[in-house]
Each structure stands twice: as C-alpha cells, then as structure tokens.
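The lines below spell out each chain.
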Amino acid sequence: MAKLKKGQRGNATNYVTRRKALQKLQLSLADFRRLCILKGIFPRDPKKKSEGPLKTYYLAKDIQFLAHEPLVDKFREMRSHRRKLVRAKARNEPGVVKTLMETQPTYQLDHIVRERYPQFNDALRDLDDALCMLHLFAAFPAVGKVNNRRVRNCA
C-alpha cells in the first residue's frame, strides 16, 4: 500500500476552510450562513490549522452532510431566478418581469424541523426555553439596569 502524502491525512482532510466549503457547495456566503444556522453546523477550531490561523474551519463531514441537503438546490434555484429577474428588468421586459415575479421559488423547512425535533416532547422542551427568553426580554425596562432577582426568577 502506498504511503499517503502530506495533505491527504490528519487535520488536512478532517477540516475544510469556509472558502473551500463555499466552492464545494456553490453557494454565496449569505446562503451558506443561513444553511449552517438552519442545520446547526458551526465553525470548529482545529489544533493544527493547515491553511493559516486566520481562516474559518468546518468539519469536512459537516460539509458533506450539507452537500446532500435539498435546501442547497433551492438556494441555487433562487439565485438563478434572481439573475433572470435582474436581466429582464435591465432589458425593460415588463411581461417577463411579471411572470418571473409570480413564479418566484420558495423553500420549506418542515424536514429540518422534523429532523431537529423527531418527537413532540422535544419541541416542547425547546419551546420552554424560548418562552422564558421572551418573558425576560418583555420584562426588561427600557433603560437602566436589570435586577439579579429578575434574571434568577426566569432561569
């Protein structure tokens, strides 16, 4: 068996920079951030940063996981639709603009919700945290300091 060369084992294969992830997924930075938030994927801090300390790294497995997400195709479809719309506006074609505006692509997040909360009890547990946070912000005064007692009461 041949010996693996540098860059084919270890941290070099476990982590991917954000730029390489964007190239692999063919997404804009905004769409990539939106997708990472929806799927719960966040940057990692590897011990040895193969491409420099100022880069943002993600697990390669996470990027592979995102590559098979149906939302990636929807984001690409929305980008191409946006380009068609801009082109039609620039060419001053009102009929085409109208039809493009009526047929704007949309995406659904129900599969992500089902994936994150497989049972109703899981969703209720997270809802409790959100309601506590909403109550805390609603109880904040407009200006001034917040009492420790109020924060402890919400937790």
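Refer to the structure presented above.
Reading the values: the criteria
Residues numbered from 1 in each chain as written. Predicted model: local features only at pLDDT ≥ 70, side-chain atom pairs only at ≥ 80, totals over all residues. Heavy atoms only, no water. Buried < 20%, exposed > 50% of the residue type's maximum accessible area, 1.4 Å probe, protein only. Helix = DSSP H or I, 4+ residues; strand = E, 2+ residues; numbered from the N terminus. Arc of directions from axis to C-beta. Salt bridge = Lys/Arg side-chain N within 4 Å of Asp/Glu carboxyl O. Patch = residues over 30% accessible without salt bridge, like charges linked within 9 Å, V, L, I, M, F, W, Y side chains within 5 Å. Areas by Shrake-Rupley, 256 points an atom, 1.4 Å probe, with all protein chains shown as cover. Phe/Tyr/Trp six-rings, centres within 6.5 Å; stacked < 30°, edge-to-face > 60°. Axes fitted to C-alpha atoms, helices over the stretch in contact; angles between N-to-C directions. Parallel < 35°, antiparallel > 145°, perpendicular 65-115°, else oblique. Contact = heavy atoms within 4.5 Å. Nonpolar A, V, L, I, M, F, W, Y, C, P; charged D, E, K, R; others polar.

Observations regarding helix H3 (residues 29-39)
Logical step 1: For H3, the set of buried residues is Asp31, Phe32, Leu35, Cys36 and Lys39. Take H3 and look down its axis: the buried residues cluster within an arc of 135 degrees, on one side only.
Logical step 2: Among the residues trailing H3, Gly40 stands out with phi positive, at a value near 80 degrees.

Concerning the environment of Gln64
Logical step 1: Tracing the sequence through the fold places Gln64 in helix H4 (residues 60-67).
Logical step 2: A residue is classified by how much of its surface remains accessible, and Gln64, at 38% relative accessible area, is partly exposed.
Logical step 3: Along the primary structure Gln64 and Val16 are separated by 48 residues, whereas in three dimensions their C-alpha atoms are 10 Å apart.

Side note on the pattern of salt bridges
Logical step 1: In the structure shown here, the tally under the stated rule is 10 salt bridges.
Logical step 2: Glu77 is the salt-bridge partner of Lys74, the closest N and O atoms lying 3.9 Å from each other. Linking Lys74 with Glu77, this pair stays in helix H5 (residues 70-90), spanning 3 residues, or about one helical turn.
Logical step 3: Judged by its relative accessible area of 38%, Glu77 falls in the partly exposed class.
Logical step 4: For the salt bridge of Arg125 with Asp122, the shortest nitrogen-to-oxygen distance reads 2.9 Å. You can see Arg125 and its partner Asp122 sitting in helix H8 (residues 120-139), 3 residues apart, about one turn around the helix.
Logical step 5: A relative accessible area of 54% places Arg125 in the exposed class.
Logical step 6: The partly exposed category is assigned to Asp122, whose relative accessible area is 22%.
Logical step 7: What you see here is one network of salt bridges that share partners, running through Lys39, Glu69 and Glu115.

Structural notes on the side chain of Thr17
Logical step 1: In this fold, Thr17 is placed in strand E1 (residues 15-17).
Logical step 2: Under the relative-accessibility criterion, Thr17 is labelled buried at 4%.

Thoughts on a nonpolar patch on the surface
Logical step 1: Among the surface-exposed residues, Phe120, Leu124, Leu127, Leu131 and Leu134 lie close enough to one another that they form a single nonpolar patch of about 530 Å² accessible area.
Logical step 2: With respect to the helices and strands, Leu131 occurs in helix H8.

A short note on the packing of aromatic side chains
Logical step 1: One pass over the structure, following the stated rule, counts 2 aromatic pairs.
Logical step 2: Both rings, one in Phe32 and one in Tyr58, keep their centres 5.2 Å apart while their planes meet at 85 degrees; by these two values the pair is edge-to-face. Taken together, the residues Phe32 in helix H3 and Tyr58 in strand E2 (residues 57-59) connect sequence positions 26 residues apart.
Logical step 3: Residue classification places Tyr58 among the buried positions, given a relative accessible area of 6%.
Logical step 4: With a centroid separation of 5.3 Å and 80 degrees between ring planes, the pair formed by Phe75 and Tyr107 is classed as edge-to-face. Here Phe75, found in helix H5, pairs with Tyr107, found in the loop between helix H6 (94-102) and helix H7 (110-116); they are 32 residues apart in sequence, far enough to count as distant.

Examining the packing of helix H2 (residues 18-25) against H3
Logical step 1: At a minimum axis distance of 10 Å, the contact between H2 and H3 shows a crossing angle of 95 degrees. With respect to H3, the element H2 is oriented roughly perpendicular. Of H3, the residues touching H2 (which contributes Arg18, Ala21, Leu22 and Leu25) are Leu29, Phe32 and Arg33.
Logical step 2: Split by residue class, the contact of H2 with H3 holds 5 nonpolar, no polar and 2 charged.

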